[in-house]
Amino acid sequence: MWVTVSTCGPPDHNQCFMGRSQRLLDNRRMPLTRFTLRQIEAFMSVAEAHSFTVAASRLGLTAQAVSQLIAELEAILGFRLFDRTTRKVALSSAGRDFLGSASTLLRHVHAADIAADDVRNRATGVVRVGAPLVLASTALPLAMRDYQKLKPKVVVRVRDTPVDHLVDRVADGDVDLAIGPDRYTGDLVKATPLFDSAWVLWCAPDHPLAQHRRAVRWAELAGVAIVSAGRDHEHNVAQMHRDVPAGTRVTPVDVVDNISTALGIAAQGLAVTLAPAYVGVLAKPFGLLMRRVVEPESVRKVCLYAPASRALSPAAQGFAEFLGDRIRRWSVDR
C-alpha cells in the first residue's frame, strides 16, 4: 500500500521529516518491502563516496543503475536524498536525517546474515541433552568441553534424566537428544547404538566375592546381598533373567534411586551392586573392585536418542554427530 505524505514548509522540515518517518514505521498496513536492500546499499555507498561513479564501482554496477536505484528510493520515501550539482553529490537535509536509520538497517541485516550463516553451519544455538547420572557427570561434560572449542556459540544444556524417562523426554520435546542405556523407543524416537557395556559386579575389597580374581558366575550370587540403583533395575533384572539359567537368577534386596548411593553401600561391604562397566568412573573412587559376571555374560548397549519424526535444529544435529563419536572414544579410553 502506498502512503500519501503531505509537504512541509522549510521552517519545520526536520520535525515534519521525523513525523513522516514515524508514520512510515507505524503504518501496520504498509508492506515492509517497499524499498529494497539494494536501494539502501546504493544510498549508503553514494553517501560515503559523494559520487555515483565511485559508488557504482564499489557495488559492481553502472553509474546509471545506481542513479536509477536512488531515484526509485526517493520516489518511495517521498523526499530527495541528494543535492546534485555538476561538481559534487551531497546529502540533502532529509538525506542526512535518513542516513542513521539506513545505516542501522544495514547493520541489522548484516548481523542477521551472519546469524543465518552460524545457524546453517551449526555454529550457534542451544542444545538440550538428557542423560542419567553417570553419563551426565562424566562423558557428557567432556564432550561439551571439546565441542565448545569447535563451536563456542553453541550452548549445550544438561538435563539430569532417569534412564526410564530418557525416551519420553525426547518424544515430548523436553530435550533435543539423550544418551543412556538401551530402552524401547516406539515410533517417535530413534536410537543409535554407541557402545556395549557388560554387566559387572562391584564390591568392596574385603567382600568374599573380591577373592575371585576376574569373574564371578551367576550361580555364585545366590544368597548374596545385592543393592540395585534406580527404577530401571526392573528392566535390568528382566534382561539378565533372559540370559541366565532359572536356578541362578538374582533378586536385589534393596533398590535405591541413585547409582552413587548403591556404590556407597557396596563400599561399606553391606552389599554388592550390579551395573554396567562404564560406571567404573564413579565406582573406582569408592575403592570398589570390578568383577565380570559370566556363564553367561550379559551386555547392555548405550544409545544416543533423537526424535524420529521431528527435525533437529542445525546446532542439535551438529552436536549429535559430534557426541556419538566422542562417546564412543570415551568408552574405549576409560
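Above this text is the structure in question.
Here is a short report on the structure shown in this document. (Residues numbered from 1 in each chain as written. Predicted model: local features only at pLDDT ≥ 70, side-chain atom pairs only at ≥ 80, totals over all residues. Heavy atoms only, no water.)

### Observations concerning the overall build of the protein
Then step 1. The secondary structure content of the protein amounts to 12 helices and 12 strands.
Then step 2. Classification of the 334 residues of the protein by burial places 43% in the buried group.
Then step 3. The long-range fraction of contacts in the protein, counting pairs at least 24 apart against all pairs at least 6 apart in sequence, stands at 76%.
Then step 4. Element-wise, carbon and sulfur atoms account for 53% of the exposed surface of the protein, whose accessible area totals about 17900 Å². (Helix = DSSP H or I, 4+ residues; strand = E, 2+ residues; numbered from the N terminus. Buried < 20%, exposed > 50% of the residue type's maximum accessible area, 1.4 Å probe, protein only. Contact = heavy atoms within 4.5 Å. Areas by Shrake-Rupley, 256 points an atom, 1.4 Å probe, with all protein chains shown as cover.)

### Points about helix 4 (residues 63–77)
Each α-helix winds once per 3.6 residues, and so residues spaced three or four apart point in a common direction.
Then step 1. Taking 1.5 Å per residue as the helical rise, helix 4 with its 15 residues ought to reach 21 Å, and the 21 Å between its terminal C-alpha atoms agrees with that figure.
Then step 2. Of all the residues in helix 4, the buried ones are V66, L69, I70, L73, E74, I76 and L77. In a view along the axis of helix 4, the buried residues occupy a sector of 160°, so they form one face of it. Exposed side chains of helix 4 directed beyond 90 degrees from the buried face belong to Q64 and A75.
Then step 3. A positive phi of about 90° marks G78, the residue just after helix 4. (Expected span 1.5 Å × (residues − 1). Arc of directions from axis to C-beta.)

### So, the side chain of T273
Then step 1. Its location among the elements puts T273 in strand 10 (residues 272–276).
Then step 2. The exposure class assigned to T273 is buried, which follows from its relative accessible area of 0%.
Then step 3. Within polar-contact distance, the side chain of T273 engages the backbone oxygen of V227 at 2.7 Å.
Then step 4. When neighbours within four sequence positions are excluded, T273 is seen to be in contact with V200, L201, W202, I226, V227, S228, A262, L263 and A266. (Polar contact = N/O pair within 3.5 Å; in protein donor to acceptor, adjacent residues only side chain to side chain.)

### Focus: the pairing of strand 6 (residues 189–203)
Then step 1. Judged from the nine bridges that link them, strand 6 and strand 12 (residues 299–307) form a sheet pairing that is antiparallel. By the bridge assignment, D196 is partnered in strand 12 with K301.
Then step 2. In this structure, strand 6 lies alongside strand 10, joined through four bridges in antiparallel fashion. Counterpart to V200 in the pairing with strand 10 is A275.
Then step 3. The pairing of strand 6 with strand 11 (residues 289–294) spans four bridges and is classified as antiparallel. Bridge pairing links W202 to M290 in strand 11. (Pairing = 2+ DSSP bridges.)

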